[in-house]
Amino acid sequence: MIRLEGVEKYYGSTPVLKGVNLFVERGEFISVMGSSGSGKSTLLNLIGGMDLPDRGSIAVNGKDLSSFSDDQLTAYRRQKVGFIFQFFNLLPNITVFENVRMPLLLNDITDSSRVLRYLERVGIADKAGRFPRELSGGEQQRVAIARALVHAPEVILADEPTGSLDTKNSGEVMDLLGALAAEEGKTVVLVTHEDYIARYSRKMVRIRDGVILP
Ligand SMILES: Nc1ncnc2c1ncn2[C@@H]1O[C@H](COP(=O)(O)OP(=O)(O)OP(=O)(O)O)[C@@H](O)[C@H]1O
Ligand SMILES: [Mg+2]
């Protein structure tokens, strides 16, 4: 499903990823553990097509992202990927419902019944009309999970999704993410610096100084 081979990424002359090899099977939930600055977010951004590697290749479904035109890369990001972030990244001036509908609008999907279905699945359908600031952190991350799944992407990329939650909410969010990913057969790559979060996934790899440890 996702194959990285010899991926290198530089910021200026500083290498951040130094030859990353990683294979993630379809439907697999993998976590990448590493300390701050080890290159985790850089890695996820490359898999999500937000940026391209300087060397090496990233193939998703057998297609090399570097071979895509700008339009193809935009379509890939919109349709195939769902992102979950540490600070939720909900749009503050629109409601919960409208936040979750956003990926549908971007993909010209008119069936907004999916919005309520996912809000129900993450347990906050009753808060659909609220604004993000009127929700707790755990609730906001549930909204973000609904938003990441609503357009039926194949890949979920989660960058420290519990990084701003307490232990109880972290556990709940991880349980929910794991259950939804399993139900829908999603391929999930989650990055974290916390061992106990990584243990929610079946498979765990470590990244240090820009390489995945064997
Ligand atoms: N846009 C950028 N320009 C220059 N340097 C960058 C940029 N983004 C990241 N870096 C540097 O690349 C290295 C890896 O950053 P990255 O954000 O991938 O680490 P991380 O593992 O996600 O860290 P954290 O756990 O703190 O989120 C760091 O040294 C960082 O300072
Ligand atoms: Mg990061």
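Residues numbered from 1 in each chain as written. Chains lettered and ligands numbered in written order. Predicted model: local features only at pLDDT ≥ 70, side-chain atom pairs only at ≥ 80, totals over all residues.

(A) Quick look at the overall build of the protein chain. Helix and strand content of the protein chain: seven helices and 10 strands. Its C-alpha radius of gyration of 17 Å places the protein chain within 12% of the 17 Å reference for a compact globule of 214 residues. Principal-axis analysis of the C-alpha atoms gives the protein chain an extent of 45 × 40 × 30 Å. Taken over 214 residues, the protein chain has a buried fraction of 39%. For the protein chain, long-range pairs separated by at least 24 residues make up 73% of all intrachain contacts whose partners lie at least 6 apart in sequence. (Helix = DSSP H or I, 4+ residues; strand = E, 2+ residues; numbered from the N terminus. Rg over C-alpha atoms; globule rule 2.2 N^0.38 Å. Buried ≥ 20, exposed ≤ 12 C-beta atoms within 10 Å, placed from the backbone. Contact = placed C-beta atoms within 7 Å.)

(B) Local environment of the site of ligand 1. Neighbouring residues of ligand 1: Tyr-11, Val-16, Gly-34, Ser-36, Gly-37, Ser-38, Gly-39, Lys-40, Ser-41, Thr-42 and His-193. The element contributing the most residues to the shell around ligand 1 is helix 1 (residues 40-47), with three residues. Of the residues assigned to the shell around ligand 1, the class counts are two nonpolar, eight polar and one charged. (Near = placed C-beta within 6 Å. Nonpolar A, V, L, I, M, F, W, Y, C, P; charged D, E, K, R; others polar.)

(C) Focus on the pairing of strand 3 (residues 29-33). The buried count for strand 3 comes to five of five residues, which makes it a mostly enclosed element. Here strand 3 shows a buried face lined by Phe-29, Ser-31 and Met-33 and a second buried face lined by Ile-30 and Val-32. Alignment of strand 3 against strand 8 (residues 187-192), held across five bridges, turns out to be parallel. By the bridge assignment for strand 8, Val-32 is matched with Val-191. Sheet topology places strand 3 next to strand 9 (residues 203-208); four bridges connect them, and they run parallel. Its bridge partner being in strand 9, Met-33 is matched across the sheet by Arg-206. (Pairing = 2+ DSSP bridges.)

(D) Region of the structure containing the sheet that holds strand 6 (residues 81-84). Taken in spatial order, the six strands make up an open sheet running 6-7-8-3-9-10, and their pairing is mixed. The open sheet terminates on both sides in strands that have one partner only, identified here as strand 6 and strand 10 (211-212). Packed onto the sheet, helix 5 (residues 137-149) meets strand 6 and strand 7 (155-159) and runs at close to 170° relative to strand 6. (Axes fitted to C-alpha atoms, helices over the stretch in contact; angles between N-to-C directions.)

(E) Region of the structure containing the pairing of strand 4 (residues 55-60). Of the strand pairs in this sheet, strand 1 (residues 2-11) and strand 4 are connected by five bridges, and their pairing is antiparallel. Bridge pairing in strand 4 places Glu-8 opposite Arg-55. As judged from the two bridges shared by strand 4 and strand 5 (residues 63-64), these two strands associate in the antiparallel manner. Looking at the pairing, Ala-59 lines up with Asp-64 of strand 5. Count of turn residues in the strand 4/strand 5 antiparallel hairpin: two residues, of which Asn-61 carries a positive phi of about 55°.

(F) Up close: the environment of Pro-161. Relative to the elements of secondary structure, Pro-161 occurs in the loop between strand 7 and helix 6 (167-184). Not counting chain neighbours up to four residues away, the residues in contact with Pro-161 comprise Ile-84, Gln-86, Gln-141, Val-173, Leu-177 and Leu-190.

(G) Highlighting the packing of helix 3 (residues 96-106) against helix 5. Interhelical geometry of helix 3 versus helix 5 gives an angle of 30° and a closest axis separation of 7 Å. Accordingly, the angle class assigned to the pair helix 3 and helix 5 is roughly parallel. By crossing handedness, the relation of helix 3 to helix 5 is classed as right-handed. Touching Val-96, Asn-99, Val-100, Met-102 and Pro-103 of helix 3 are Val-143, Ala-146 and Arg-147, all from helix 5. Split by residue class, the contact of helix 3 with helix 5 holds six nonpolar, one polar and one charged. (Parallel < 35°, antiparallel > 145°, perpendicular 65-115°, else oblique. Left-handed = near helix turned anticlockwise from the far one by under 90°.)

(H) Representation of the sheet that holds strand 1. Taking strand neighbours across the sheet as the criterion, the four strands line up as 2-1-4-5 in an open arrangement whose pairing is antiparallel. Here the strands that pair on one side only, and so sit at the sheet edges, are strand 2 (14-24) and strand 5.

Purely geometric numbers; function is a separate question.
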